[in-house]
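Structural features, examined
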Amino acid sequence: MSKNQRLTVHGGKSIEPFSFIVLGRPAPQGSKRHVGNGIMVESSKHVRPWRKKIKSTAKSLLPVGWHAILPVHLETEFLFARPKTHFNSKGELKDSSYSTPAPIHCTSVVGDIEKLIRSVADALTGVVYEDDSQIISLNSLRRYARTHESESVIIRITPIID
């Protein structure tokens, strides 16, 4: 296979989905602000390094010949560290015996899920797929990391064959 060939189908079937984890605090890609002379920059200083980390991780783990030119399904699972208020004085997670037990899912302000997805989708453009317009379906979850987990995003891309 030459460097210019892009493999997404093998023997008439979809290749295996491509999955990987990017460690670090997920950064939502929000609005841009105008800095003059028609130049727009990201409002958050955390977005650029986060997208760069996603892109470099994807490049380093990309299976040989994998690059989608077909529609894809994108799955993301964003994991965030729990705030200290979720733990009791012994450092244990508050359970249902407390008046306000620690929740499983992030409902506090840790990033709008749509903006979190946008940072991932944009970072993967040109690496995992040609353009994020190829994403025709997605499934995403935002939750708190369990004891053995770190802040991260779990990403899975599946080519769709009609």
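Please refer to the structure placed before this passage.
Everything quoted here is computed from the prediction, not taken from an experiment. (Residues numbered from 1 in each chain as written. Predicted model: local features only at pLDDT ≥ 70, side-chain atom pairs only at ≥ 80, totals over all residues. Heavy atoms only, no water.)

Some words on the overall build of the protein chain
As a reminder of what qualifies: Helix and strand definitions here come from DSSP, where helices need a minimum of 4 consecutive H or I residues and strands a minimum of 2 consecutive E residues; each element is numbered from the N-terminal end. Between buried and exposed lies partly exposed: a residue is buried under 20% and exposed over 50% of the maximum accessible area for its type, with that area taken using a 1.4 Å probe on protein chains only. Residues count as neighbours in contact if any of their non-hydrogen atoms are within 4.5 Å of one another.
Looking only at helices and strands, the protein chain features two helices and eight strands. Each helix (α) and strand (β) of the protein chain, taken in turn from the N terminus, gives the series β-β-β-β-β-α-β-α-β-β. For the protein chain, the residues scored as buried account for 34% of the 162 residues in total. Put simply, of all contacts in the protein chain between residues at least 6 apart along the chain, 80% involve residues at least 24 apart.

Quick look at the environment of Ile157
By the secondary structure assignment, Ile157 is in strand S8 (residues 152–159). Residue Ile157 is classed as buried on the basis of its relative accessible area, which comes to 0%. Not counting the four nearest positions on each side in its chain, Ile157 is found in contact with Pro17, Phe18, Phe20, Trp66, Val72, His73, Leu74, Leu124 and Val128.

Some thoughts on the sheet that holds strand S3 (residues 18–23)
This is how the line gets drawn: Pairing between strands requires that DSSP locate at least two bridges from one strand to the other. Note on method: axes are straight lines fitted to C-alpha atoms, helices fitted across the in-contact stretch only, with angles between N-to-C directions ranging 0 to 180 degrees.
What the four strands build is an open sheet, ordered S3-S8-S6-S7; its pairing is mixed. Single-partner strands in this sheet number two, and they are S3 and strand S7 (135–144). Geometrically, the sheet is characterised by an average inter-axis angle of 15° between neighbouring strands, direction not taken into account. The sheet contacts of helix H1 (residues 47–61) involve S3 and S8, and relative to S3 the element is tilted by about 140°. Relative to the sheet, helix H2 (residues 113–124) contacts S3, strand S6 (72–80), S7 and S8, its axis offset from that of S6 by approximately 120°.

Concerning the nonpolar core
In plain terms, the rule: Buried Ala, Val, Leu, Ile, Met, Phe, Trp, Tyr and Cys residues that are joined via side-chain atoms within 4.5 Å together make up what is termed a nonpolar core.
Residues Phe20, Ile54, Leu124, Val128, Tyr129, Ile155 and Ile157 are the most contacted members of the largest nonpolar core, which totals 28 residues. Those elements that place two or more of their residues in this core are S3, H1, S6, H2, S7 and S8. For this core, the element with the most residues is H2, which contributes six residues.

Details of the pairing of S3
On S3, burial follows the alternation: Phe18, Phe20 and Val22 on one face are buried, whereas Ser19, Ile21 and Leu23 on the facing-out side are not. By the bridge criterion, six bridges tie S3 to S8 in an arrangement that is antiparallel. In the strand pairing of S8, Ile21 is matched with Ile154.

Brief notes about the environment of Asn139
Among the structural elements, Asn139 can be located in strand S7. Asn139 sits 65 residues away from Leu74 along the chain, and the two C-alpha atoms are 6.5 Å apart. Setting aside chain neighbours within four positions, we find Asn139 in contact with His73, Leu74, Glu75 and Thr76.

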